[in-house]
Each structure stands twice: as structure tokens, then as C-alpha cells.
6 protein chains.
Amino acid sequence: MQFSARNRLQATVKAVKLGDVMAEVTVALPDGQELVAAITRTSAESLQLQPGDQVVAIIKSTEVMVGKEI
Amino acid sequence: MQFSARNRLQATVKAVKLGDVMAEVTVALPDGQELVAAITRTSAESLQLQPGDQVVAIIKSTEVMVGKEI
Amino acid sequence: MQFSARNRLQATVKAVKLGDVMAEVTVALPDGQELVAAITRTSAESLQLQPGDQVVAIIKSTEVMVGKEI
Amino acid sequence: MQFSARNRLQATVKAVKLGDVMAEVTVALPDGQELVAAITRTSAESLQLQPGDQVVAIIKSTEVMVGKEI
Amino acid sequence: MQFSARNRLQATVKAVKLGDVMAEVTVALPDGQELVAAITRTSAESLQLQPGDQVVAIIKSTEVMVGKEI
Amino acid sequence: MQFSARNRLQATVKAVKLGDVMAEVTVALPDGQELVAAITRTSAESLQLQPGDQVVAIIKSTEVMVGKEI
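Predicted model, so just to flag it, every value in this text is computed and none were measured. The residue numbers shown here count from 1 along each chain, following its written sequence. Chains and ligands are labelled sequentially in the order written, the chains with letters from A and the ligands with numbers from 1. Local features in this predicted model are restricted to residues whose pLDDT is 70 or higher, and side-chain atom pairs enter the listing and the counts only when it is 80 or higher, whereas totals over whole chains, interfaces and linings include all residues. Each side-chain value is worked out from all heavy atoms of the structure, with water and hydrogens disregarded.

Caption draft 1: Just unusual backbone geometry, in detail. With a phi angle near 45 degrees, C:Gln48 is a residue other than glycine that sits in the positive phi range. Per the convention used, a helix needs a DSSP run of H or I reaching at least four residues, while a strand needs a run of E reaching at least two, with both numbered from the N terminus. With respect to the secondary-structure elements, C:Gln48 resides in the loop between α1 (41-46) and β5 (54-59).

Caption draft 2: Examining the interface of chain D and chain C more closely. The contact rule is simple, with two residues in contact once any of their heavy atoms fall within 4.5 Å. Taken residue by residue, the interface counts 37 residues in chain D and 37 residues in chain C. Each partner contributes to the roughly 3400 Å² buried at the junction of chain D and chain C, and carbon and sulfur atoms together form 59% of this total. Two parts lose some accessible area (1.4 Å probe) when they are put together, and adding that loss for both gives the buried area. When the area that chain D buries against chain C is broken down by residue, the three leading residues are D:Gln33, D:Val66 and D:Lys68, summing to 19%. Should a side-chain nitrogen of Lys or Arg be within 4 Å of a carboxyl oxygen of Asp or Glu, the pair is scored as a salt bridge. Counting the contacts that link chain D with chain C gives 4 salt bridges. Polar contact is the term for a pair of N or O atoms within 3.5 Å; when the atoms are in protein, one must be able to donate a hydrogen and the other to accept it, and sequence-neighboring residues count only if both atoms are side-chain atoms. Applying the counting rule to chain D against chain C returns 18 residue pairs in polar contact (both at pLDDT 80 or more). Mapped onto the side of chain D that touches chain C, the elements with two or more residues apiece are β2 (7-18), β4 (34-40), β5 (54-59) and β6 (65-68) of chain D. For the side of chain D that touches chain C, the class distribution of residues is 19 nonpolar, 9 polar and 9 charged. For this scheme, ten residues count as nonpolar: Ala, Val, Leu, Ile, Met, Phe, Trp, Tyr, Cys and Pro. Four count as charged, namely Asp, Glu, Lys and Arg, and the remainder, Gly too, count as polar.

Caption draft 3: Quick peek at the relation of the copies chain D and chain C. We superpose the copies by least squares over the C-alpha atoms of residues that have a pLDDT of at least 70 in both of them. Laying chain D over chain C is done by rotating through 180 degrees and shifting 0.0 Å along the axis; what remains is an RMSD of 0.0 Å. The relationship between the two copies is best expressed as a two-fold rotation axis. Minimal C-alpha distance to the rotation axis in chain D is attained by D:Asp31, lying at 2.6 Å. Of all interface residues in chain D, 100% are interface residues in chain C too; the two copies therefore contact each other through one and the same surface.

Caption draft 4: Spatial organisation of the pattern of salt bridges. Summed over all chains, the structure comprises 24 salt bridges over all chains. Here B:Lys68 ties to A:Asp53 by a salt bridge, and the two come within 2.8 Å at their closest N and O atoms. One end of the pair, B:Lys68, is in strand β6 (residues 65-68); the other, A:Asp53, is in the loop between α1 (41-46) and β5 (54-59), on a second chain. As far as burial versus exposure is concerned, B:Lys68 and A:Asp53 are alike and both buried. Ionic pairing is found between D:Arg41 and D:Glu45, a salt bridge with its closest N-O pair at 2.8 Å. In this pair, D:Arg41 and D:Glu45 are both assigned in helix α1 (residues 41-46), 4 residues apart and thus about one turn of the helix distant. Its relative accessible area of 25% is what places D:Arg41 among the partly exposed residues. Partly exposed residues are those whose accessible area sits between 20% and 50% of the maximum for their type, while under 20% is buried and over 50% is exposed, using a 1.4 Å probe and protein chains only.

From the geometry alone we can't say anything about function, so treat these as descriptive.
Right, dumping it as C-alpha cells:
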């Protein structure tokens with residue numbers, strides 16, 4: 001299945017924090033920069049996310065902002 | 001100014017495509033992976049985004065999804 | 001690849017409107033209700049979306065609102 | 001009040017899970033497909049959402065992605 | 001119809017810029033601060049948005065970030 | 001740092017509700033209208049958000065919808 005979200009970053013799971021409804025998943029990119037995803041707890045559990053897992057961080061392009069020192 | 005968006009990725013602008021209302025900005029991360037941002041044309045112009053610019057890709061954590069081979 | 005977006009609705013493409021940067025894709029659900037997706041033109045072209053295509057409409061749960069007659 | 005969100009799907013509430021800050025609301029479309037909404041707990045309570053309620057799932061078109069078997 | 005989006009700001013339309021797929025709508029709040037909405041052209045046309053219109057800017061709480069001088 | 005999010009509203013923090021993963025921050029605009037942000041708990045803590053703080057509510061334009069009485 002190919003889908004329209006343009007951004008798919010290879011990453012490794014560093015930490016998974018499960019809350020009652022939501023979960024916070026921290027992943028590291030190959031260059032060491034980190035990304036945090038706030039997904040539902042149910043999603044985190046159904047993906048059985050564990051530190052060390054190879055995953056893809058997926059982001060729709062309309063959700064990405066750009067900052068620049070002017 | 002510090003703000004709540006957890007994800008701030010250092011990147012370099014690769015391409016800027018200006019449309020009538022929106023603009024598509026492609027940036028490269030240090031590890032070579034690319035990110036695409038769909039922002040308004042007005043924003044792209046006010047930031048004077050040019051290929052080669054050092055920028056930060058900013059993403060709220062609730063906008064990041066995770067994929068995993070099961 | 002399994003991913004965290006909870007909402008994956010089976011649908012059929014009804015129309016594709018290509019703009020300069022963005023594209024508007026209208027799909028119909030089996031029950032006849034319609035969904036509109038605003039994705040980048042590049043995505044619509046790389047998926048070669050055509051009326052009649054069987055697709056999945058994918059929506060992160062944090063993007064879904066609920067309305068109710070009170 | 002008419003508003004710009006293009007996607008308004010008639011649905012029936014199946015389950016409501018209240019967390020400390022967020023709530024997860026599962027609804028069923030007429031064709032049996034399910035949608036999950038992550039909204040704030042305060043919203044779920046002020047709408048008095050209960051299983052069996054007739055509701056509308058509202059989604060801005062820029063939040064809808066499309067997937068296709070290629 | 002009451003719905004879950006927590007943020008509904010009374011505003012006046014200042015400008016409407018119609019693109020091929022998207023439209024940019026600038027509104028002013030009573031305190032003079034401005035908000036810009038990027039919605040689909042079809043939505044802007046179906047709402048017949050005109051400068052001077054009294055409208056409501058609607059924003060899901062998961063889409064609001066916070067910045068603070070530290 | 002200048003960034004692409006078009007909407008930056010001056011506001012004062014009214015309340016901060018910390019959950020396990022998420023936090024709900026209510027702010028008041030100068031005209032008295034309120035905005036609610038759902039951000040991660042970690043963000044709320046790192047910004048040390050307290051009632052009375054002067055902050056900026058930041059919203060990407062693609063996340064703003066418009067409603068109008070027709």
C-alpha cells in the first residue's frame with residue numbers, strides 16, 4: 001500500500017510512554033535528531049512498540065512548519 | 001521564544017515550489033532523508049526561503065504517526 | 001506495514017482536481033457518503049489516482065471532531 | 001451554522017473512553033466501518049456522548065490522506 | 001449542532017484569496033489580532049465568504065501550540 | 001527565529017491541566033475570548049506554564065476552519 005503522506009522517516013524507537021488514552025513515542029533518526037509522536041494508547045499497543053524497534057515516522061506535509069533565522 | 005511543538009529538525013532547503021495559495025518546500029535532513037512541508041505561499045515568501053537555507057522543520061507531536069512492519 | 005493512524009476507510013475515487021501545489025480528491029464510501037482529501041499534487045500524481053480507483057481514506061484520530069444535536 | 005470542514009459523516013457512537021485530559025470516541029458509519037476520534041475529555045463530557053448517540057464525524061480535508069495498492 | 005472543537009473565535013472576514021484548489025481567508029478578531037485559515041476553494045465559495053462577513057474561526061485544541069519567552 | 005505558522009495570538013494563561021501524556025492549557029485573548037490547546041505534558045512542564053503567563057497561541061493556517069451563519 002502506497003499512501004499520500006509525503007514524509008516517511010526511518011527511525012528507531014527510544015521510549016514509549018503509555019497514558020490512559022494517549023501514548024508518547026520518542027524515536028531517533030539516523031542523524032541522532034529525535035521525533036516525538038502523540039498517538040492513541042490503543043495504536044501503540046497494537047503496534048507492540050518497544051525501544052529498539054525499527055519504525056517509520058509518518059507526517060502529512062500540511063502538518064510541517066518551517067522556521068528560519070531572519 | 002520557546003514553544004510547545006516537540007519536533008524541531010535541523011534541515012537544509014532543497015526546493016521551493018510556489019503555488020497561488022500554497023507552497024511546497026522540500027528540505028533535507030543531515031542523514032539525507034527528505035521532508036516536504038505544505039505551507040502558505042505568503043509564509044514561504046515572508047521567510048524568503050531559498051535552496052541552501054538552513055531551516056528547522058517544526059511538527060507538533062500530535063501530527064506524527066508511526067508505522068512498523070509487523 | 002501497519003501504522004498508528006486508526007482510521008482507514010475503504011472508498012472509491014469519484015474525482016481528482018489537480019492544482020499547482022495541492023490536489024482535491026473526492027472519494028465515496030460504500031454507504032454513499034463522500035470524503036474530500038486535500039493532498040499535494042505530487043502525491044496525487046505518484047498514486048496515479050483516477051476515478052474508479054479502490055483506495056483507503058486514512059485519518060489520524062486526533063484530527064477527527066464529533067458533532068451532536070443537543 | 002455552515003462551516004468549511006468538508007467531511008461530515010453520519011455515524012453512531014459505539015464507545016467512549018474518558019481519560020484525564022483526552023477521550024477516545026469510537027463511532028460506526030452506516031456501512032459498518034468504524035472511526036475513532038481523539039478529542040478532549042471536556043468536549044466528550046459537554047457533548048454528553050453515549051453509545052447509541054447519532055453524531056457527525058467532522059474532518060477537515062487537509063487532514064485526510066489517501067492510500068492505494070500500486 | 002454542538003461539536004467537539006473547543007475553539008470558536010468570533011471574527012470578521014478581512015480578505016479572501018481564491019486559488020485553484022485552496023483558498024486563504026484572513027479574519028480579524030475583536031481585539032484586532034488576525035487569523036489566517038487555509039481551506040479548500042470549494043468551501044470558501046460554498047460559504048460565499050466576503051470581506052465584512054461575521055464568521056467563527058474554528059480550531060481543534062490538538063492543533064494549537066503555545067509559545068513563551070523563557 | 002521566524003516560522004511559517006501564520007497565526008500567533010497574544011494571550012494570557014488561565015489554567016493548566018496536566019494529564020499523564022497530554023495537558024490542556026486554557027488561555028484568554030485580549031478580547032476575552034478563550035482558546036484551549038492540547039499539548040503534551042512534557043511540553044507544558046518544559047515551558048513551566050502557569051496561570052498569568054503571557055504566551056502566544058500558535059496555529060498553522062491549514063488547521064483553521066471557518067463557520068458562517070447562512
